[in-house]
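Survey of secondary and tertiary structure
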Amino acid sequence: MMRLSLAQRRAKTDTVIMQLVALMFLSSVGRGFTTPYVNLYLDHIGASGAMIGMIVGVAALVELFVSPLLNNLADKHNGHRFLLRMQYLSFMAGSLLIAITGNLMVVGAVVILIELGKRSAIVLSIQLTLIRLEQMNRDIVGRLRSFNALGFSVANMFQSTIFAMFGYVGMFFSGGLFTLISLWFTRALPAQATTHQRDKTMAPRQRKFYYMVMIQVFVQLGAVSGFTFWLIHFKDNLGVRIEDVGIILAIAAFAEFPFFVLFDSIIRRFDVRMIYAGGAFGLAFIWLATGIIPSTVWIIPLLIARGFAFSSLNMSTHILISRISDPRNVATNQSLLQVTVPGLATLFGAPLMGWVYDHYAASIYFGLCMMLMLVGALIMVIMYRFMVPTLIENKA
């Protein structure tokens, strides 16, 4: 009976892992058909760089207020999985609505729905996945996260075909459909983002949390600003066709795949603070190179280098925030540091950065993105000894 029980537990664990794989893959396919093309679609229907920056800034403002409020309610009532499902539905609704309108004002409003279901959902899904893996004693978060990259890559491999046949409408509709399908697999996630029993007492925040806020302001403003205009820059200044953007994004996502797979081994060998700083430094110089490459020949080497930098920064951010947070407010802290802080930075910086893109050379714009990220990375290096993860601190 004991062997049978053990076999059953293993089978259940394997089933949960396969459902998590499906969730990561399908939700990322949905995002892959929608999120990279929103700004390109805004450009297509006549929005200027400053207008795109304004729309992104307003969306960030709404997300700034709504996301922490919802995550705080989820923390209090242990409703994190329910919140994630609502975010997926918001993203799906935004994808379907943007597919059927070409009005700039309406599209601007719909972008808010997409934003509410994009970054916040990614952050929360990773946190819930971390908790589920902790419950199963499985250390494979990097390998699971790699299926996000794979799904994003697969979506963009088919982008050119769908765009040629159905245009932006087909891509956005596909994004909404795959997001809807992925909802079923959220059943594999725990209902709450903590392994502790509900505790309504106020969880304290240590000084390292506020240091992380300062770091994230610069790092995320540089990252978000770069990602806002990099594809538009490729199209406008390097002659990349819309039909070929999918190939670029597919290569970019596929380049992340091996680094996400290796991340579980990397995090066991190197301090998460070092990985974060290294990823920020790396992405900073990727932005510098983006602004100065003279032709499309350099895009593929650039994307391969970006794969390492982005995956390192992305995963280390999740892990570091989780390790410096109290279990009672970890979801709120993830939202504050990965949604609210970038949202504030974007709100105040995006319109100005859009104006810079309109009026100055790409090398100036992406050089500014690099400088912002370098400042954040240097602050992490300077504050290194104050940013000790709580797990290490407790063992000392």
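Residues numbered from 1 in each chain as written. Predicted model: local features only at pLDDT ≥ 70, side-chain atom pairs only at ≥ 80, totals over all residues. Heavy atoms only, no water.

**Focus on the overall build of the protein chain**
Scanning the protein chain from N- to C-terminus turns up 15 helices and 0 strands. In terms of C-alpha radius of gyration, the protein chain reaches 20 Å, essentially the compact-globule figure of 21 Å for 396 residues. When the backbone C-alpha atoms are referred to their principal axes, the protein chain occupies close to 65 × 45 × 35 Å. Expressed as a percentage of the 396 residues in the protein chain, the buried residues total 58%. Long-range contacts, defined here as pairs at least 24 residues apart, represent 88% of the contacts in the protein chain between residues at least 6 apart. Taken as a whole, the protein chain presents about 17100 Å² of accessible surface, with 69% of it coming from carbon and sulfur. Side chains of the protein chain give 30 positive and 17 negative charges; the mean places of these two sets differ by 11 Å. (Helix = DSSP H or I, 4+ residues; strand = E, 2+ residues; numbered from the N terminus. Rg over C-alpha atoms; globule rule 2.2 N^0.38 Å. Buried < 20%, exposed > 50% of the residue type's maximum accessible area, 1.4 Å probe, protein only. Contact = heavy atoms within 4.5 Å. Areas by Shrake-Rupley, 256 points an atom, 1.4 Å probe, with all protein chains shown as cover. Lys, Arg positive; Asp, Glu negative; His and termini not counted. Charge placed at Lys NZ, Arg CZ, Asp CG, Glu CD.)

**Structural notes on the packing of aromatic side chains**
Counting across every chain of the model gives 22 aromatic pairs. Ring centres of Phe229 and Tyr365 lie 5.4 Å apart, and the angle between their planes is 85°; this geometry places the pair in the edge-to-face category. On the criterion of sequence distance, the pair formed by Phe229 in helix α9 (residues 207-237) and Tyr365 in helix α14 (residues 362-382) is long-range, its members being 136 residues apart. Each member of the pair, Phe229 together with Tyr365, is buried. Ring centres of Trp230 and Trp287 lie 6.4 Å apart, and the angle between their planes is 75°; on these two criteria the pair is classed as edge-to-face. With a gap of 57 residues between them, Trp230 in helix α9 and Trp287 in helix α11 (residues 272-292) connect regions that are remote in the sequence. Looking at Trp230, the relative accessible area reads 7%, which means it is buried. One aromatic cluster in this structure is built from Phe227, Phe229, Trp230, Phe234, Trp287, Phe310, Tyr357, Tyr365 and Phe366. (Phe/Tyr/Trp six-rings, centres within 6.5 Å; stacked < 30°, edge-to-face > 60°.)

**Quick notes on unusual backbone geometry**
For residues other than glycine, phi is negative in most cases, and the peptide bonds are mostly trans. Positive phi, close to 55°, is recorded for Asn137, a residue that is not glycine. Topologically, Asn137 is positioned in the loop between α6 (119-136) and α7 (141-157). A residue is classified by how much of its surface remains accessible, and Asn137, at 70% relative accessible area, is exposed.

**Details of the environment of Ala255**
Following the sequence through the fold, Ala255 ends up in helix α10 (residues 242-269). By relative accessible area, Ala255 is classed as buried at 11%. Apart from the residues within four sequence positions on either side, Ala255 is in contact with Leu303, Ile304 and Gly307.

**A closer look at the confidence of the model for the protein chain**
For the protein chain, per-residue confidence averages 82 on the pLDDT scale, and 92% of positions sit at 70 or higher. Per-residue pLDDT, averaged within each element of the protein chain, yields its smallest value for helix α15 (residues 390-395) (45) and its largest for α11 (94). Across residues 391-396 the pLDDT falls below 50, and counting only partners more than four positions away or on other chains, this stretch makes 5 contacts in the model. (pLDDT = per-residue confidence, 0-100.)

**Comments concerning α7**
For α7, built from 17 residues, the straight-helix expectation of 24 Å at 1.5 Å per residue is met to within 8% by its first-to-last C-alpha distance of 25 Å. Looking only at α7, the buried set comprises Val141, Gly142, Leu144, Arg145, Ser146, Asn148, Ala149, Gly151, Ser153, Ala155 and Asn156. (Expected span 1.5 Å × (residues − 1).)

**Considerations on the packing of helix α4 (residues 80-98) against α6**
Relative orientation of the contacting elements α4 and α6 amounts to 145°, with a least axis distance of 10 Å. Seen along the crossing, α4 lies across α6 with a hand that is left-handed. Within the contact between the two elements, α4 uses His80, Arg81, Leu83, Leu84, Gln87 and Tyr88 and α6 uses Ser120, Ala121, Leu124, Ser125 and Leu128. Tallied by class, residues from the contact of α4 with α6 come to 6 nonpolar, 4 polar and 1 charged. (Axes fitted to C-alpha atoms, helices over the stretch in contact; angles between N-to-C directions. Left-handed = near helix turned anticlockwise from the far one by under 90°. Nonpolar A, V, L, I, M, F, W, Y, C, P; charged D, E, K, R; others polar.)

**Brief notes about the pattern of salt bridges**
Opposite charge on two side chains lets them pair, provided their charged atoms get close. Applying the stated rule across the entire model yields 6 salt bridges. A salt bridge links Asp236 to Lys235; the shortest N-O distance between them is 2.9 Å. Here Asp244 makes a salt bridge to Arg241, at a shortest N to O gap of 3.0 Å. Here the residues in one salt-bridge network are Asp43, Lys235 and Asp236, joined through shared partners. (Salt bridge = Lys/Arg side-chain N within 4 Å of Asp/Glu carboxyl O.)

**Considering the environment of Ala164**
Position of Ala164 among the secondary structure elements: in helix α8 (residues 159-182). On the basis of relative accessible area, Ala164 is assigned to the exposed category, the value being 60%.

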